Amino acid sequence: MEVTNVCEYEELAKQKLPKMVYDYYSAGAEDQWTLKENREAFSRILFRPRVLIDVTKIDMTTTVLGFKISMPIMIAPSAMQKMAHPDGELATARAAASAGTIMTLSSWATSSVEEVNATGPGIRFFQLYVYKDRNIVRHLVRRAEKAGFKAIALTVDTPRLGRREIDIKNRFTLPPHLTLKNFENLDLGKMDKANDSGLAAYVASQVDQSLSWKDVQWLQTITSLPILCKGIMTAEDTQKAIECGAAGIIVSNHGARQLDYSPATITCLEEVVKEANGRVPVFLDGGVRRGTDVFKALALGASGIFIGRPVLYGLAVDGEAGIKNVLKMLRNELEMTMALSGCTSLKDITRDHVLTESDRIRRSLSRL
């Protein structure tokens, strides 16, 4: 089968992966309403293309936290990637570097920060869960700094793991030949089997449920790296994050894996961008499968987007080459969307280039 778009990798990955692994990567929480909505919300945003503009040359380069990257498409943290392919996070790191973009490494990676660093040059962020034992947090952050990681993406929406019913049915746990590499020397690398989800039991035993805004400030006392708050969806939390010194915000609902019936991230984006008001960059993850999705997010104020599941599916199907192709297809689709919308650079993409459901309602009411 010739793969012509990112979505086709999912079906191929489903055929190739063990059921427990595919289900873990693909599923959302409870009824999985938010999982569907993350995708469907993009379909309700329409374009207002401009024409008769010279689009011979299109520039997709941008800067994130001072680092120049080739396109506003980056890789989100996804746990346990060696379940998808033996090279796991190492393949992801190489593919991101080859594409000239940023990779975010999960705390719960099956490759360590040192192993990822050893793959060669690249701009990498480290995703952080805050453990009950703060010495573990200090240890992780120091290692990430030493390994050349450039920012911390602090996940703020996981005081508990969302109820992922498919994982409960599957009694999900990390395959015995793999470990959470960043915790291996701390005797926290293994995930025991449980009566429901082994991951849920692990999170309940290790992750600090008392995490609060003061901890965002505390984190700045143990690192000089910029801190992105990942998992913010409201203006109120945007304001608090900025007050607490966050260097950026990632609008995220954790891939619809936490609180079901949370809105799609693309529908929350404008509220967050408006509140941030240029003080910090705002990024988006959740549901992006097309270059058209990327354009819509940029038009609504995002400084860039992160993709998670498409990377895992590309990795499962064809390793590093699969991820490279995922990034290439999204890049090509974004370039085409820009050309057909009359935009030759990212700064040309404006709010006037899209029409949301709210816009259409306002227009209808104004005609009454």
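Definitions and cut-offs
Residues numbered from 1 in each chain as written. Predicted model: local features only at pLDDT ≥ 70, side-chain atom pairs only at ≥ 80, totals over all residues. Heavy atoms only, no water. Helix = DSSP H or I, 4+ residues; strand = E, 2+ residues; numbered from the N terminus. Rg over C-alpha atoms; globule rule 2.2 N^0.38 Å. Buried < 20%, exposed > 50% of the residue type's maximum accessible area, 1.4 Å probe, protein only. Lys, Arg positive; Asp, Glu negative; His and termini not counted. Charge placed at Lys NZ, Arg CZ, Asp CG, Glu CD. Axes fitted to C-alpha atoms, helices over the stretch in contact; angles between N-to-C directions. Parallel < 35°, antiparallel > 145°, perpendicular 65-115°, else oblique. Contact = heavy atoms within 4.5 Å. Nonpolar A, V, L, I, M, F, W, Y, C, P; charged D, E, K, R; others polar. Polar contact = N/O pair within 3.5 Å; in protein donor to acceptor, adjacent residues only side chain to side chain.

**Q** Explain the overall build of the protein chain residue by residue, including any values.
**A** Of regular secondary structure, the protein chain possesses 14 helices and 12 strands. On C-alpha atoms alone, the protein chain measures out to a radius of gyration of 20 Å, which is about the 21 Å that the 2.2 N^0.38 rule sets for 368 residues. If you line up the protein chain on its principal axes, its C-alpha atoms span 60 × 50 × 40 Å. The proportion of buried residues among the 368 residues of the protein chain is 57%. Between the centroid of the 47 positive side chains of the protein chain and the centroid of its 43 negative side chains there is a distance of 1 Å.

**Q** Quick one: what's the story with the packing of helix α1 (residues 7-16) against helix α13 (residues 309-341), residue by residue and with numbers?
**A** Relative orientation of the contacting elements α1 and α13 amounts to 170°, with a least axis distance of 11 Å. Overall, the two elements α1 and α13 adopt an arrangement that is roughly antiparallel. Contacts from Tyr9, Glu10, Leu12, Ala13 and Lys16 in α1 reach Tyr313, Gly314, Ala316, Val317, Gly322, Asn325, Val326 and Met329 in α13. Its residues assigned to classes, the contact of α1 with α13 comprises eight nonpolar, three polar and two charged.

**Q** Give a detailed account of the environment of Asn182, specifying residues and quantitative values.
**A** Along the chain, Asn182 falls in the loop between α7 (165-170) and α8 (198-206). Asn182 gets classed as buried once you look at its relative accessible area, which sits at 0%. Along the primary structure Asn182 and Ser106 are separated by 76 residues, whereas in three dimensions their C-alpha atoms are 9.4 Å apart. Apart from residues lying up to four places away in sequence, Asn182 is in contact with Leu105, Ser106, Ser107, Ala109, Ser111, Ser112, Val113, Phe126, Leu140 and Arg143. Here the side chain of Asn182 touches Val113 through a polar contact of 3.0 Å, landing on its backbone nitrogen.

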